[in-house]
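# A look at the structure
So you can see what is in the structure, the chains are spelled out below.
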Amino acid sequence: MLLRSSGVGMNSAMDDINLIQEAQRNHLVVREIGEEIDLEIGPGDDDPSFGNTTLIGGPPRESSTEEHDESKQTRMVSQLPNNSQDMSNNQSGKRKKKVVKRWREEWADTYKWAYVDVKDGTARIFCSVCREYGRKHRRNPYGNEGSRNMQMSALEEHNNSLLHKEALRLQMASKDKIIIDKPVYVKALMSKTAGSILEVTLKRDPHEAEFIQVVQEAVHALERVIAKNSHYVSIMERLVEPERTIVFRVPWVDDRGETHVNRGFRVQFNQSMGPCRGGIRFHPSMNLSIAKFLGFEQTLKNALSPYKLGGAAGGSDFDPKGKSDNEVMQFCQSFMSEMYRYLGPDKDLPSEEMGVGTREMGYLFGQYRRLAGQFQGSFTGPRIFWSGSSLRPEATGYGLVFFAHLILADMNKELKGLRCVVSGSGKIAMHVLEKLIAYGAVPISVSDSRGYLVDEDGFDYMKISFLRDIKAQHRSLRDYSKTYARSKYFDEAKPWSERCDLAFACASQNEIDQSDAINLVNSGCRILVEGSNMPCTPDAADVLRKASVLVAPAMAAGAGGVVAGELELNHECSLLHWSPEDFESKLQEAMKQTYQRAIKAATDFGYQKESPEALVHGSVISAFLTIAQAMTDQGCV
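Heads up: these notes are all about the structure in this document. Since the model is a prediction, treat every value here as computed from it, not as a measurement.

A separate point is helix 11 (residues 288–304). For helix 11, spanning 17 residues, the distance from its first C-alpha to its last is 24 Å, which sits close to the expected 24 Å at 1.5 Å a residue. In terms of residue burial, helix 11 counts as a mostly covered element, since 16 of its 17 residues are buried. With a side-chain oxygen lying 3.1 Å from the backbone nitrogen of S289, the N-terminal cap of helix 11 falls on N287.

The structure is reproduced here in structure tokens:
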């Protein structure tokens, strides 16, 4: 389902902010904020006049004379004083009329379980859990007629619904959340030539939302490049199609002897610059769209770094959380039994990603060595005593802070004393906290899938150690508040509304939506550093751009992992050992080169250095031009 952004979102930088905040916070899918929504029901099945709502903008339906008269009567009743309305209702023995209420905060929470869609040409309110509609799922938030003591809230009646209970039971049994399909929003392009690239991608992979999103961002950044040289259109059309896509099954046996089957992915996107380098992600949400999005992003990231490499990504929908070491080993060995034939120092060099740490990389490498019959330094991230540089786990997190330092230095500012909000609580987020403290900044937050923790006094090294213990024991971040009274944990929330100067997004893709971006702007944030790949939705990116918030893209700011991987391989080849000081010095120099390349490319194509788009577009331009030159030299391959 494709929607053009001209009909969605804000018409100006901060229009309808309050309404958008309410709608997004309560997860109600509202196409046009401020429209009137029909929320009333009658006894029995759905009211046939419910389809007259203009909320979705579905096909218009001609109303009958009877329906027109009923609607007219409803409007007349609504204009009477309250007492007159009550008298009119009591006198009337007919069933209750439709009532139209405007989106208001006083009943917004009631409908956090609801979304609106068109069914058979009629707009209806659906249950977000069981995706059904009807009498038990469409209730007037003000309750039934009569005494207020007898009124039942919409949410209470919905929770009593048999349909909802069954859906909830199935949801809990599978331990997976049922997610509503997200529409793909397509921005209008200034150039028809650039638009043709996106059009091809949409036709070929219409359901791969994450991949379409990352391609769309790249095409937008390259509009001025393509306008100067139409030759780049054919290059881009080849670049957005992976060289090789591998999808395979991964059967494994758990500790109880039960057999499971997961799906494995490896997308080798482009090898024109050298052998592929890219992460392996183990997460339940992993699919082909995410694998392609990560591979495309990694291709550009590697080309932007000082080290010339191709790009790849992959993983599985396997969830290592809660699994024993033996179960993880069984899965990793089965995964690598299929993958090993596509890997090697001159083919593909896998590295850590979400859900894959030292334990998983060790098991994967062990099975690869067993099947390949040789000990090759083509894996990054295993244990220090047999492979890897001394600061490999810290590289990405430290690199983010080094990149922020470079941005502030160009503004004649420094990190010391600045209040920083950090999302996530994995290895990247923890190392960001460490380095921020080293620079004298004040990091105040971390988050997980259930909420976020804020410490008004800021974290220190002792507090970070305590946080690591909590995570290692698989406890909730809420336990931190039991020890530090000045801290607070917020359920089902994100840290972007906390007052801050800088923000570091280190959780997952699309973690910052439109309302989160508005909260960031209102909280005083002036710089957003992307630690996770593509953390902003297209709507969020528009909000930040219009508010002149400078964004440091993950493509450039997250290059620390690429640098560390290359230092690891150089270390193994030269038999040298990088000390922490040497490693940090090499990392800082590499991040500086990456930053300078992005800024130079942006200024070469007319973007001001202070522009919020400079780093975002400059990073894509620099990386693309490097890849395009290699692809041109090598011919049509």
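Alright, that's what it looks like, and here's the rest.
Attention now goes to the environment of E394. Here E394 is to be found in the loop between helix 13 (358–372) and helix 14 (395–410). Overall, E394 belongs to the buried group, its relative accessible area being 16%.

One pass over the structure, following the stated rule, counts 20 aromatic pairs. Between W252 and F331, the aromatic rings sit 6.3 Å apart at their centres with planes inclined by 90°, giving edge-to-face as the arrangement. Residue W252 is found in strand 7 (residues 244–253), and its partner F331 is found in helix 12 (residues 325–339); the two are separated by 79 residues along the sequence. F331 shares its class with W252; the two are buried. Judged by centre distance (6.4 Å) and plane angle (75°), the ring pair of F402 and Y439 falls under edge-to-face. Pair noted here: F402 is in helix 14 and Y439 is in the loop between helix 15 (427–438) and strand 13 (442–443), with a separation of 37 residues, a long-range link. Taken together, the aromatic side chains of F248, W252, F282, F318, F331 and F335 make up a single cluster linked through ring pairs.

With seven of seven residues buried, strand 10 (residues 310–316) is to be regarded as a mostly interior element. As paired elements, strand 8 (residues 259–270) and strand 10 share six bridges and run antiparallel to each other. Residue N270 lies in a different strand from strand 10, and its bridge partner there is G311. Relative to strand 10, strand 9 (residues 276–282) runs parallel, the two being bridged by five bridges. Paired with F282 across the bridge in strand 10 is S316.

So, about helix 18 (residues 514–522). Of all nine residues making up helix 18, seven are buried, and the element is well covered by its neighbours. Looking only at helix 18, the buried set comprises Q514, S515, D516, A517, I518, L520 and V521. Of the residues one or two after helix 18, G524 is the one with positive phi, at around 95°.

This brings us to the pattern of salt bridges. A full pass over the atoms with the stated rule returns 25 salt bridges. Across the pair E353 and R281 runs a salt bridge, and its minimum N-O distance is 2.9 Å. Within this pair, whereas E353 is found in the loop between strand 11 (348–352) and helix 13, its partner R281 is found in strand 9, the two being separated by 72 residues in sequence. Both residues of the pair, E353 and R281, belong to the buried class.

One open sheet accounts for five strands, arranged 7-8-10-9-11; its pairing is mixed. Edge strands, defined here as strands with exactly one partner in the open sheet, are strand 7 and strand 11. Across this sheet, the average inter-strand angle for adjacent strands is 20°, counted without regard to direction. As paired elements, strand 9 and strand 11 share five bridges and run parallel to each other. When the bridges of strand 11 are listed, C276 appears paired with D348. Relative to strand 7, helix 12 is tilted by about 145°, and along the sheet it contacts strand 7, strand 8, strand 9 and strand 10.

Moving on: the nonpolar core. Membership of the largest hydrophobic core comes to 101 residues, with the highest contact counts inside it found for M236, F296 and F504. When residues no more than four places from it in sequence are discounted, the contact partners of M236 are I197, A218, V219, L222, F296 and F624. Counting residues in each nonpolar core, the second largest holds 22 residues, with A517, L520, C525 and V549 among its members.

Remark: helix 14 packs on helix 15, axes separated minimally by 7 Å, with the N-to-C direction vectors making an angle of 45°. Classed by the angle they form, the pair helix 14 and helix 15 counts as oblique. For helix 14 against helix 15, the interelement crossing comes out right-handed. Mapping the contact onto sequence places T396, G397, Y398, L400, V401 and F402 in helix 14 and I428, H431, V432, E434, K435 and L436 in helix 15.

What counts as what
- Residues numbered from 1 in each chain as written.
- Predicted model: local features only at pLDDT ≥ 70, side-chain atom pairs only at ≥ 80, totals over all residues.
- Heavy atoms only, no water.
- Helix = DSSP H or I, 4+ residues; strand = E, 2+ residues; numbered from the N terminus.
- Expected span 1.5 Å × (residues − 1).
- Buried < 20%, exposed > 50% of the residue type's maximum accessible area, 1.4 Å probe, protein only.
- Polar contact = N/O pair within 3.5 Å; in protein donor to acceptor, adjacent residues only side chain to side chain.
- Phe/Tyr/Trp six-rings, centres within 6.5 Å; stacked < 30°, edge-to-face > 60°.
- Pairing = 2+ DSSP bridges.
- Salt bridge = Lys/Arg side-chain N within 4 Å of Asp/Glu carboxyl O.
- Axes fitted to C-alpha atoms, helices over the stretch in contact; angles between N-to-C directions.
- Contact = heavy atoms within 4.5 Å.
- Core = buried A, V, L, I, M, F, W, Y, C linked by side-chain atoms within 4.5 Å.
- Parallel < 35°, antiparallel > 145°, perpendicular 65-115°, else oblique.
- Left-handed = near helix turned anticlockwise from the far one by under 90°.

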